[in-house]
Amino acid sequence: MPSRRLGRSLGVNHVPRKHCSYSCVYCQDGRTTTLELERVAFHPPEQVIEAIERRVAACRARGDAIDYVTFVPDGEPTLDLHLGEMLRAIDSLGVRRAVLTNGSLLWRDDVRAELAAADLVSIKVDAVDERAWRRVDRPSGVLALEVALDGIRRFAAERRGSLLTETMLVRGLNDAPASVEGVAAFLETLRPDVAYLAVPTRPPAEPEVDAPCEATLVAAFETLAARLPRVELLAGDESGPFGRSGDAVTDLLAILAVHPMQEPAARRYLAEGGDGPGLESLLASGQVVRVAHRGRLFVTLGLSPVRALATARTP
Ligand code: SF4
């Protein structure tokens, strides 16, 4: 699917839904149900590797270009004990590998060593002051902010490949000038290739979450740009065509497993895939539900991703 940072990305969802070390108020997957800091063997790595190989081969057979295979699950990717093994195994596919992490486990030597195999790593840095961090990211209670920040610093200092950062600004929680200045000063020490500034655009875990006003956003951008060579704003939805396998409903459910989609865009996607009425039956069966956010209607999965996709494949 099109990614705002990575071009055309094949997403790998290798962590069960909402196993995370954070429970960010803006998370598009809802509140974290398993808040944890221990690494776990979630799936046999050979199954995930085989699934990636199959998908890459299918994309290539259709002539679909892939810029990155991206480990971007519905939880924190570095919680997966097999992340490094999977990254190394798919090196032979000749596709760049990316990991989008919240950075909370980078204090661990094993996690930093495993991520060294990725061609690109993007780290979330929403706040560097305790109050804003706890209010926005709602981390596991056993994680200390200084430990998390120190891990990120060490990773950035050791990093050889591309490094991105992403900072999500939430109105009234981490958008105060002092909070943004603290983030900018911290990011400067990391020397990222690009520092992205984002605002919540999709239905968040907590309904009261909103984006900062335009003036605050512009001020935050300028604060970061004063210290960093390249800052980009992520304030829109993904653009560009989504990939297709030939089954429009299954493809739509796979997209919704990653993020909600505006309802008109979902209808368009199904119609262009030859399944115009498909959304009505998905809504009627509860596989897909409507969510209103900031005056717009989105559709998202009503079942867990595994159940939704299994149901779609059942004749
Ligand atoms: S946004 Fe990412 S880090 Fe935050 S709760 Fe959701 S999955 Fe976890």
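Remember, predicted model here, so these are calculated numbers, not experimental data.

Colleague: Sorry, what's going on with the nonpolar core here?
Modeller: The tendency in soluble globular proteins is for nonpolar side chains to be buried as a group. Ranked by size, the top nonpolar core spans 77 residues in total, and within it Ile52, Val69, Phe71, Leu115 and Leu187 carry the most contacts. The contacts of Phe71, once residues within four sequence positions are left out, are Val12, His14, Ile52, Pro77, Leu83, Met86, Leu87, Ile90, Ala98, Val99 and Leu100. In this structure, Leu252, Ile255, Ala266 and Leu270 belong to the second largest nonpolar core, which totals 18 residues.

Colleague: It is not clear to me how the packing of aromatic side chains should be interpreted in this structure. Could you clarify?
Modeller: For any pair of aromatic rings, geometry is given as the distance between the ring centres together with the angle between the planes. Considering all chains together, one arrives at one aromatic pair under this definition. Taking the centre distance of 6.2 Å and the plane angle of 80° together, the rings of Tyr22 and Trp133 count as edge-to-face. Separated by 111 residues along the polypeptide, Tyr22 in the loop between β3 (19-20) and β4 (34-35) and Trp133 in helix α4 (residues 130-136) bring together distant segments of the chain. Of the two residues, Tyr22 and Trp133, both sit in the buried class. The side chain of Arg96 reaches across the aromatic face of Tyr68, ending 4.7 Å from its centre.

Colleague: How should the side chain of Thr78 be read in this particular structure?
Modeller: One can find Thr78 in the loop between β5 (68-71) and α2 (83-89). Using a relative accessible area of 1% as the deciding quantity, one classes Thr78 as buried. At 2.6 Å, the side chain of Thr78 forms a polar contact with the side chain of Glu76. In this structure Thr78 touches Arg39, Leu83, Thr101, Leu105, Val111 and Leu115, once residues within four positions along its chain are discounted.

Colleague: Where do I start with the pairing of strand β12 (residues 288-293) in this structure?
Modeller: Pairing of β12 with strand β13 (residues 296-301) involves six bridges; the strand directions are antiparallel. By the bridge assignment, His293 is partnered in β13 with Arg296.

Colleague: Can you help me understand the domain arrangement of the protein chain in this one?
Modeller: How big an interface is tends to be stated in terms of the accessible area lost upon association of its parts. By domain assignment, the protein chain separates into domain 1 (2-234) and domain 2 (248-313). In this structure, domain 1 and domain 2 have C-alpha centres spaced 25 Å apart. With 13 residues of domain 1 at the interface, the matching set in domain 2 holds 10 residues. The junction of domain 1 with domain 2 conceals about 1,100 Å² of combined surface from both sides, 52% of it contributed by carbon and sulfur atoms. It is Arg17, Arg202 and Pro203 that lose the most area in domain 1 upon contact with domain 2, and together they represent 42% of the buried surface on that side. Joining domain 1 to domain 2, the criterion identifies one residue pair in polar contact (both at pLDDT 80 or more). Of the residues contributing to the side of domain 1 that touches domain 2, the split by class is five nonpolar, three polar and five charged.

Colleague: Honestly, empty space enclosed by the protein in this entry has me stumped. Any pointers?
Modeller: Which parts of space are left empty comes out when a probe the size of a water molecule is rolled across the atoms. Scanning the model with the defined rule gives two cavities of 30 Å³ or more in all. Roughly 900 Å³ of volume is contained in the largest cavity. Going through the elements one at a time, β1 (2-3), β2 (7-12), β6 (96-101), β7 (120-124) and β8 (162-168) are the ones with two or more residues in the lining of the largest cavity. Partitioned by chemical class, the residues of the lining of the largest cavity number 18 nonpolar, 13 polar and 11 charged. Size it by volume and the second largest cavity reaches roughly 60 Å³. Of all the elements, helix α5 (residues 145-158) adds the most residues to the lining of the second largest cavity, at four residues. Looking at the lining of the second largest cavity residue by residue, the class counts come to eight nonpolar, one polar and three charged.

Colleague: Quick question: what am I supposed to make of the environment of Ser21 here?
Modeller: Topologically, Ser21 is positioned in the loop between β3 and β4. For Ser21, a relative accessible area of 0% gives the class buried. It is 22 Å that separates the C-alpha atoms of Ser21 and Leu197, two residues lying 176 residues apart in sequence. Setting aside anything within four residues of it in sequence, one finds Ser21 in contact with Leu35, Glu36, Leu37, Glu76, Leu79, Asn102, Ser104, Leu105, Pro139 and Ser140. In this structure the side chain of Ser21 is engaged in a polar contact, spanning 3.1 Å, whose partner is the side chain of Asn102.

Scoring rules and cut-offs
- Residues numbered from 1 in each chain as written.
- Predicted model: local features only at pLDDT ≥ 70, side-chain atom pairs only at ≥ 80, totals over all residues.
- Heavy atoms only, no water.
- Core = buried A, V, L, I, M, F, W, Y, C linked by side-chain atoms within 4.5 Å.
- Buried < 20%, exposed > 50% of the residue type's maximum accessible area, 1.4 Å probe, protein only.
- Contact = heavy atoms within 4.5 Å.
- Phe/Tyr/Trp six-rings, centres within 6.5 Å; stacked < 30°, edge-to-face > 60°.
- Helix = DSSP H or I, 4+ residues; strand = E, 2+ residues; numbered from the N terminus.
- Lys NZ or Arg CZ within 6 Å of the ring centre and 35° of its normal.
- Polar contact = N/O pair within 3.5 Å; in protein donor to acceptor, adjacent residues only side chain to side chain.
- Pairing = 2+ DSSP bridges.
- Domains from an automatic or database assignment.
- Buried area = accessible area lost by both parts, 1.4 Å probe.
- Nonpolar A, V, L, I, M, F, W, Y, C, P; charged D, E, K, R; others polar.
- 1 Å grid on protein atoms, 1.4 Å probe; cavity = no way out; pocket = protein on both sides within 12 Å on 5 of 7 lines; lining within 4 Å.
- Points joined across faces, edges and corners; volume = space filled by probe spheres on them.

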